[in-house]
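# What the coordinates show
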Amino acid sequence: MKKTIGFIGSGNMGGAIIGGLVGSALVAPNQVIVSSQDNESLKALKEQHSIRIAADNRQVAAESDILFLAVKPNIYNVVIDEIKTAIKENVVVVTIAAGKSLSDIEERFGRKVKVVRAMPNTPALVGEGMTGICANEVVNVAELTDVKNIFDSFGRSEMVAEYMMDAVTGVSGSSPALVFMFIESLADGAVRGGMPRQQAYKFAAQAVLGSAKMVLETGKHPGELKDMVCSPGGTTIEAVAELEKNGFRSAVISAVQTTIEKSIAMSKPKEN
Ligand SMILES: NC(=O)C1=CN([C@@H]2O[C@H](COP(=O)(O)OP(=O)(O)OC[C@H]3O[C@@H](n4cnc5c(N)ncnc54)[C@H](OP(=O)(O)O)[C@@H]3O)[C@@H](O)[C@H]2O)C=CC1
Ligand SMILES: O=C(O)[C@@H]1CCC=N1
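A brief structural summary.

What counts and how
Residues numbered from 1 in each chain as written. Chains lettered and ligands numbered in written order. Predicted model: local features only at pLDDT ≥ 70, side-chain atom pairs only at ≥ 80, totals over all residues. Heavy atoms only, no water. Near = heavy atom within 4 Å. Polar contact = N/O pair within 3.5 Å; in protein donor to acceptor, adjacent residues only side chain to side chain. 1 Å grid on protein atoms, 1.4 Å probe; cavity = no way out; pocket = protein on both sides within 12 Å on 5 of 7 lines; lining within 4 Å. Sits in = over half its atoms within 2 Å of the grid points. Patch = residues over 30% accessible without salt bridge, like charges linked within 9 Å, V, L, I, M, F, W, Y side chains within 5 Å. Areas by Shrake-Rupley, 256 points an atom, 1.4 Å probe, with all protein chains shown as cover. Salt bridge = Lys/Arg side-chain N within 4 Å of Asp/Glu carboxyl O. Helix = DSSP H or I, 4+ residues; strand = E, 2+ residues; numbered from the N terminus. Buried < 20%, exposed > 50% of the residue type's maximum accessible area, 1.4 Å probe, protein only. Pairing = 2+ DSSP bridges. Right-handed = clockwise from strand over helix to strand, strands pointing away.

## Focus on the site of ligand 1
Ligand 1 sits among 22 residues. The nearest are Asn12, Met13, Asn57, Val71 and Ala98. Between an oxygen atom of ligand 1 and a main-chain N or O atom of Met13, the distance comes to 2.7 Å. Measuring from an oxygen atom of ligand 1, one finds a backbone N or O atom of Val71 at 2.7 Å. The cavity that encloses ligand 1 is the second largest pocket.

Dropping the structure here:
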């Protein structure tokens, strides 16, 4: 890809996308330009990935063909107000903010800019991201393909209707936090059984990684894969019964539902 890819914001998600993108070799490091308020993270990104650091947000806006807004949702309006007179005529703006709709972004720019709305996740950093994507009608097929290729370069992505973006936020945007809690809990259980902690994290994480791969690669229903682990009268069914007793599935469903509700609440208009 010959385009310049810009990032405003170099925090957890911006940093993960930059790391994944540069690692994938889809673009050369000097095609990536970043600005942020956080000089420490900019320095670290430059040292690690040899990308270009801009003097300010307007420089990134002026040079980018594809411009990622990777700041917190409550900073979007400030950043858009700052850059809206600096962007290139045909720039594709990519928003990754929870609860920011395509029309929120268009309205703030005050004109029909090309906008792609994406919900990625931090596993992008290790090439295993999952991203839901939608776009407004002025983004053409070639532009959308370029943006999708960026997300595909560090994992998987799928086009979804915009109304599904709140569910995407729950099931893959936020869910890594829940999975990390699950891994931590599995490891705590193993530590309780006498395993050294670092070793327990490795065993737990590899079990989760392998289980996820089985879902993706066998195409079998997760319930069938669970049944394959549960020997009659064995150890696993004891754990399954214990989790059911404690409302595990219901707790996870409610947790995802709360992220969806929060994402919807965040999209309600507020001034800043
Ligand atoms: N974290 C995640 O897992 C995911 C996050 N997202 C979305 O990504 C976006 C960023 O989240 P996340 O990376 O976690 O947040 P972070 O706070 O980690 O990163 C935001 C970055 O923007 C910088 N920043 C703040 N104000 C400005 C400004 N005016 N101009 C330029 N840079 C600025 C921050 O600097 P400083 O730290 O100095 O304030 C920081 O580097 C959010 O909109 C979020 O909804 C989407 C999917 C997953
Ligand atoms: O917690 C958040 O709001 C962001 C969006 C999805 C993951 N992190």
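## Considering a nonpolar patch on the surface
A cluster of nonpolar side chains, namely Phe182, Leu186, Leu243, Phe248 and Val252, defines an oily patch on the protein surface of about 370 Å² accessible area. Those elements that provide at least two residues to the nonpolar patch are α7 (165-192) and α11 (248-266). Locating Leu186 in the fold gives a position in helix α7.

## Concerning the pairing of strand β2 (residues 32-35)
Each regular strand carries side chains that alternate between the two faces of the sheet. Neither face of β2 is left uncovered, since the one carrying Val32 and Val34 and the one carrying Ile33 and Ser35 both have all their residues buried. Bridge analysis of strand β1 (residues 5-8) against β2 gives 4 bridges, and the strand direction is parallel. Counterpart to Ile8 in the pairing with β2 is Ser35. The parallel pair β1 and β2, bridged by helix α1 (residues 12-24), forms a crossover whose chirality is right-handed. Relative to strand β3 (residues 52-53), β2 runs parallel, the two sharing 2 bridges. Residue pairing in the sheet places Val34 in a bridge with Ile53 of β3. You can see the chain leave β2, run along helix α2 (residues 39-49) and come back into β3, and the turn it takes is right-handed.

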